[in-house]
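Listed here are the chains, written in short residue letters.
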Amino acid sequence: MTVIVRESTTTEVRRRLVELACLAPSVHNTQPWSWRLEGDRVLLYADRTRALPVEDPRGRNLVLSCGTAVHHLRVAARALGLDARVELMPDGDERDLLASIELRPGFRSPTPSDDLTVLRARCTDRRRFTLWPVPAAELEALAEEARSWDCTAIPILDLSTRFRVELLTLRAQASRSTDAAATSEQRAWVGRGGYDGIPREVLPERGSTSHLARFATEPSPENPTVVESGDGVIVLGGPADGPIDWLRTGEGLSALWLRATRAGMSVVPLSLPIEVEASRTELQHVVVQDAFVPHLLVRIGWQAIGRSELPRTPRRPVAEVLKP
Ligand SMILES: Cc1cc2nc3c(=O)[nH]c(=O)nc-3n(C[C@H](O)[C@H](O)[C@H](O)COP(=O)(O)O)c2cc1C
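Cut-offs applied
- Residues numbered from 1 in each chain as written.
- Predicted model: local features only at pLDDT ≥ 70, side-chain atom pairs only at ≥ 80, totals over all residues.
- Heavy atoms only, no water.
- Pairing = 2+ DSSP bridges.
- Helix = DSSP H or I, 4+ residues; strand = E, 2+ residues; numbered from the N terminus.
- Axes fitted to C-alpha atoms, helices over the stretch in contact; angles between N-to-C directions.
- Salt bridge = Lys/Arg side-chain N within 4 Å of Asp/Glu carboxyl O.
- Near = heavy atom within 4 Å.
- Polar contact = N/O pair within 3.5 Å; in protein donor to acceptor, adjacent residues only side chain to side chain.
- Areas by Shrake-Rupley, 256 points an atom, 1.4 Å probe, with all protein chains shown as cover.
- Nonpolar A, V, L, I, M, F, W, Y, C, P; charged D, E, K, R; others polar.
- Domains from an automatic or database assignment.
- Buried < 20%, exposed > 50% of the residue type's maximum accessible area, 1.4 Å probe, protein only.
- Lys, Arg positive; Asp, Glu negative; His and termini not counted.
- Contact = heavy atoms within 4.5 Å.
- Expected span 1.5 Å × (residues − 1).
- Core = buried A, V, L, I, M, F, W, Y, C linked by side-chain atoms within 4.5 Å.
- Arc of directions from axis to C-beta.

**Q** Can you explain the pairing of strand 2 (residues 41–46)? Please cite residues and give values.
**A** For strand 1 (residues 33–38) and strand 2, the ladder comprises 6 bridges, and the chain directions are antiparallel. If you follow Arg36 over to strand 2, its bridge partner there is Leu43. Hairpin connection, strand 1 to strand 2: the antiparallel pair is bridged by 2 residues, and Gly39 has positive phi, about 60°. With 5 bridges connecting them, strand 2 and strand 4 (residues 97–105) associate as antiparallel partners. Bridged to Arg41 within strand 4 is Glu102.

**Q** Requested: an account of the sheet that holds strand 8 (residues 293–302), with residues and values cited.
**A** Judged by pairing direction, the sheet is antiparallel, and its 4 strands sit side by side in the order 5-6-8-7 without closing on themselves. In the strand order of this sheet, the two ends are held by strand 5 (152–155) and strand 7 (265–270), each with one partner. Strand-to-strand, the axes of this sheet are offset by a mean angle of 25°, without reference to chain direction. Judged from the 4 bridges that link them, strand 5 and strand 6 (residues 232–238) form a sheet pairing that is antiparallel. Among the inter-strand pairings, Thr152 is bridged to a residue of strand 6, identified as Gly237.

**Q** Residues and numbers for the pattern of salt bridges, please.
**A** Evaluation of the coordinates by the stated rule reveals 22 salt bridges. A salt bridge links Glu144 to Arg147; its shortest N-O distance comes to 3.0 Å. Here Glu144 pairs with Arg147, and both are found in helix 4 (residues 136–147), just 3 residues apart, close to one helical turn. A salt bridge links Glu275 to Arg176; the nearest nitrogen and oxygen atoms lie 3.1 Å apart.

**Q** Explain the site of the ligand residue by residue, including any values.
**A** Contacts to the ligand come from 21 residues, most closely from Arg122, Thr124, Arg126, Ser271 and Arg315. In the environment of the ligand, an oxygen atom lies 2.5 Å from a nitrogen or oxygen atom belonging to the side chain of Thr124. Interatomic distance of 3.2 Å between a side-chain N/O atom of Thr313 and an oxygen atom of the ligand. Isolated, the ligand exposes 620 Å² of accessible area, and the fraction of that covered by the protein chains is 98%. Every element with two or more residues in the shell around the ligand is listed here: helix 2 (60–79) and strand 7. In terms of residue class, the shell around the ligand is made up of 9 nonpolar, 8 polar and 4 charged. Mapped onto the domain boundaries, the shell around the ligand takes at least three residues apiece from domain 1 (11–122 + 313–323) and domain 2 (136–302).

**Q** Tell me about the side chain of Arg122, and please be specific about residues and values.
**A** For Arg122, the position within the fold is in the loop between helix 3 (112–121) and helix 4. At 11 Å, Asp125 is the nearest oppositely charged side chain to Arg122, a buried residue that forms no salt bridge. At 3.1 Å, the side chain of Arg122 and the backbone oxygen of Leu23 are in polar contact. Apart from the residues lying within four places of it in its own chain, the contact partners of Arg122 are Leu23, Ala24, Pro25, His72, Trp257, Leu258, Thr261, Arg312 and Arg315.

**Q** If you had to explain helix 5 (residues 159–177) to someone new, which residues and values would you point to?
**A** The end-to-end C-alpha distance of helix 5 is 27 Å, a good match for the 27 Å that 19 residues give at a rise of 1.5 Å each. Listing the buried residues of helix 5 in full gives Thr161, Arg162, Val165, Glu166, Leu168, Thr169, Leu170, Ala172, Gln173 and Arg176. Taken together, the buried residues of helix 5 touch helix 6 (180–187), strand 6, helix 8 (272–275), helix 9 (277–287) and strand 8.

**Q** Would you mind going over the nonpolar core in detail, with residue names and values included?
**A** Core analysis: the biggest nonpolar cluster contains 40 residues, and Trp33 and Trp35 have the highest contact counts within it. The biggest single contributor to this core is helix 2, with 10 residues. When residues of this core are sorted by domain, at least three fall in each of domain 1 (11–122 + 313–323) and domain 2 (136–302). Setting aside residues up to four positions removed in sequence, Trp35 forms contacts with Val18, Ala21, Cys22, Val42, Leu43, Leu44, Ala69, Leu73, Ile101, Val321, Leu322 and Lys323.

**Q** Kindly report on the sheet that holds strand 1, identifying the contributing residues and their values.
**A** The mixed open sheet is built from 5 strands, whose spatial order is 3-4-2-1-9. Only two strands of the sheet have a single neighbouring strand rather than two, namely strand 3 (82–88) and strand 9 (322–323).

**Q** Please give an account of helix 6 that cites residues and values.
**A** Within the sequence span of helix 6, burial applies to Ala182, Glu185 and Gln186. An end-on view of helix 6 places all buried positions within 95° of arc, on one side of the element. Counted as exposed and oriented over 90 degrees from the buried face of helix 6: Ala180 and Arg187. Elements that come into contact with the buried residues of helix 6 comprise helix 5.

What follows is the structure in structure tokens.
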């Protein structure tokens, strides 16, 4: 049975939706968004004061992060019985208004409390995955979930392509480690305290993370440098490399991640191979053979049963991100 719920979109409800949307992942937990309420609509703006000019000069990761927040808001709205009509880039490509979201009474999700629990449970767990392979069918289902949000998502299933992706990821890390400006920009977002950035407590100890992870320390003997386990890898992207494509990839990333969280899988984005031009070019021309433009890689795997829960990364208070 489907029930239409007459829930008025009071300011309080919309504030709550924004708060839930802000649980979304963002590059370095920069939370590069700013929200406004206008009538029955919620407007999402890019907050360029939180940009990463060295690592992300075009704002690809910034806009992609905002796309994850749009999808989180859609999920939250459905859980509250609201229909969210989203228009991406309503003022065109040049503007910082990324989305206009109109809220109307609508169909409530059949699993509202599960949906809200999953929004809260999703996190970036960079600890090394177990050796249990993620079956190809699971990877394909996750990619399909992302594709349903108009982004391209391709699982890397054959070993030689995976091997190539690992190598180009390692080369991206090596090249980044000699870039003092980028390294110091990244460092500025780790262990800042307060409401943003990545707390040290969520970063794994040396040797307990994959050598592919961005915040890993140097590869060590426990971190072999070639195909090491059953980690799944999915490439996300789109037909072009502009803001609307990045927003769609962000929505796809959020959808894939929430589905993986429900199924007990862990997702870790890898943006470094896209940020570094040489590896981005190789990924586009050689790995996906120019079928689309890659925007992000994600690693997918299983954490050990019974492993401790990670603390949550902080979020800025809604009063700071929601302008009257
Ligand atoms: C566009 C984007 C790029 C990201 N790139 C990386 C990355 O390269 N390495 C990494 O470990 N985490 C990456 N992350 C994960 C963020 O650091 C993480 O979402 C943020 O710190 C908030 O933590 P949470 O996901 O646990 O809520 C990325 C997230 C997004 C949305």
